[in-house]
Structure formats: structure tokens, C-alpha cells
Amino acid sequence: MLEKLVDPKDVIRWKGEIPVGFRYTPGVAGEVFFRELRDRGRLAASRCDACEITYCPPRLFCERCFAELKAAGTVGPRGTLESWSAGRVGVEGEPLPEPVTVGIVRLEGADTVLLHFLTGYGKRSPAIGDRVEVVLKPRARRSGSILDIEGFRPL
Ligand SMILES: [Zn+2]
């Protein structure tokens, strides 16, 4: 098979079930992030002083020098849109009823970026460099998930 596929529906798929159970945990730093998000609506971070990098979401170890990191409080909730994209086709190749727009945002105080939905743009197109802020679900509806964040809206 050396031909290039241009239509995702041409990919051969076998449907079935695999009887596998697993448990995924967010890890020590991820748990801090999700608890802080759920309980206080804030975005936790961790810091590597040697590399001068503040990570959000926090990591337990620096991705560059492997040093153990320390908590760095919180970052955001405002930030800068670094990139964005609009999806018009679902993962199964089906057309979506409405485009889904996602953005990569560098939160104030962080050196890393967070990917999430963009919301509140209406008919306006996002632009790299836009100032945005986090939109959270109401406290009673948060569950400790990345979807406790509804997205980023323009300021
Ligand atoms: Zn480091």
C-alpha cells in the first residue's frame, strides 16, 4: 500500500471491542492542577529555577533538565493567544454542525502553553496575539476535569 490517502473515510477500519480495563491518574502535579481548578477556579503551576521556566499545567519534573520542580502558585487567568485552528470535520471524518475552534494560550506568568476551546468570538476570527481570559464552569458544575474550563474568550 503505497498510495496516498486523501479522504479519511478511505482508511480501513475494523470495528470491535477489546476487553481491557485501565485506570488513568493525572499524577501528583496533575492532581494539584485539577483540585485547584475545581475547588478555587485557579490555574496551578510549577517552576524550574535553573531553566527559568514556569509550567502550566504543572509538571513534577522539568522537561528540559529533569530537576524536581516546586509549586509556583497560580498563573493567568489572562493570557495571549499564540495559535489557533478551526475544525470542521470530526475524528470519524463526519462534517461538524458548527466549526470547533481551539487555541493555544500562554497564560500570564507561564512559559508553557495550554490548548483549549476558544469561545465568545462570534463571527469574528481569532488572531494570534489576542488577549484572552479563561472561562470557567460555575463552581457547582466543576468535577476536576480539563473541561472545568469552558475555553478562552477575548478581552
Ligand atoms: Zn529545568
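Starting from 1, residues in each chain are numbered consecutively following that chain's sequence as written. Where totals are concerned, whole chains, interfaces and linings use all residues; where local detail is concerned, this predicted model gives features only for residues with pLDDT of at least 70, and gives and counts side-chain atom pairs only at 80 or more.

**What about the nonpolar core?**
In plain terms, the rule: Structurally, a nonpolar core is described as a collection of buried Ala, Val, Leu, Ile, Met, Phe, Trp, Tyr and Cys residues joined by way of C-beta atoms within 7 Å. Remark: C-beta atoms are placed from the backbone, and a residue is labelled buried if 20 or more other C-beta atoms sit within 10 Å of its own, exposed if 12 or fewer do, or partly exposed between those counts. We count a stretch as a helix when DSSP gives it H or I for four or more residues in a row; a strand needs E for two or more, and each element gets its number in order from the N terminus. Note on contacts: each residue gets a C-beta atom placed from the backbone, and two residues are in contact if those atoms are within 7 Å.
Residues Leu43, Ala45, Cys56, Val75, Val105 and Leu107 are the most contacted members of the largest nonpolar core, which totals 22 residues. Broken down by secondary-structure element, the contributors of at least two residues to this core are helix H1 (27–40), strand S1 (43–48), strand S2 (53–55), strand S4 (78–89), strand S5 (95–107), strand S7 (131–136) and strand S8 (149–154). No other element matches S1, which puts four residues into this core. If sequence neighbours within four positions are ignored, Leu107 has contacts with Leu43, Cys56, Val75, Gly76, Gly79 and Leu114.

**Some details on the pairing of S1**
The following threshold applies: Pairing between strands is defined by DSSP: at least two bridges between the two strands are required.
Burial analysis of S1 places six of its six residues in the buried class, the great majority of the element. Alternating residues of S1 divide into Leu43, Ala45 and Arg47 and Ala44, Ser46 and Cys48, and every residue in both groups is buried. Sheet topology places S1 next to strand S3 (residues 70–75); four bridges connect them, and they run antiparallel. When the sheet's bridge partners are listed, Ser46 is paired in S3 with Ala71. Pairing of S1 with S2 involves three bridges; the strand directions are antiparallel. Along S2, the bridge assignment pairs Arg47 with Thr54.

**Things to note about the sheet that holds S7**
Strand-to-strand pairing in sheets goes through backbone hydrogen bonds, with the strands running parallel or antiparallel. The condition that has to hold: What counts as an axis is a line fitted to C-alpha atoms, over the stretch in contact for a helix, and the angles between N-to-C directions run from 0 to 180 degrees.
Spatially, S6-S5-S4-S7-S8 is the arrangement adopted by the five strands of the open sheet, whose pairing is antiparallel. In this open sheet, the two strands that pair with only one neighbour each are strand S6 (114–117) and S8. Neighbour to neighbour, the strand axes of the sheet diverge by 40° on average, direction disregarded. Here five bridges tie S7 to S8, and the two strands are oriented antiparallel to one another. Paired with Val135 across the two strands is Gly151, which belongs to S8.

**Structural notes on the pairing of S4**
Bridge count for S4 against S7 is three bridges, and the pairing is antiparallel. By the bridge assignment for S7, Arg78 is matched with Glu133. In terms of strand pairing, S4 meets S5 through nine bridges, oriented antiparallel. Bridge pairing in S5 links Val89 to Pro95. The turn joining S4 and S5, which pair antiparallel and follow one another in sequence, is formed by five residues; a positive phi near 85° is taken by Gly93.

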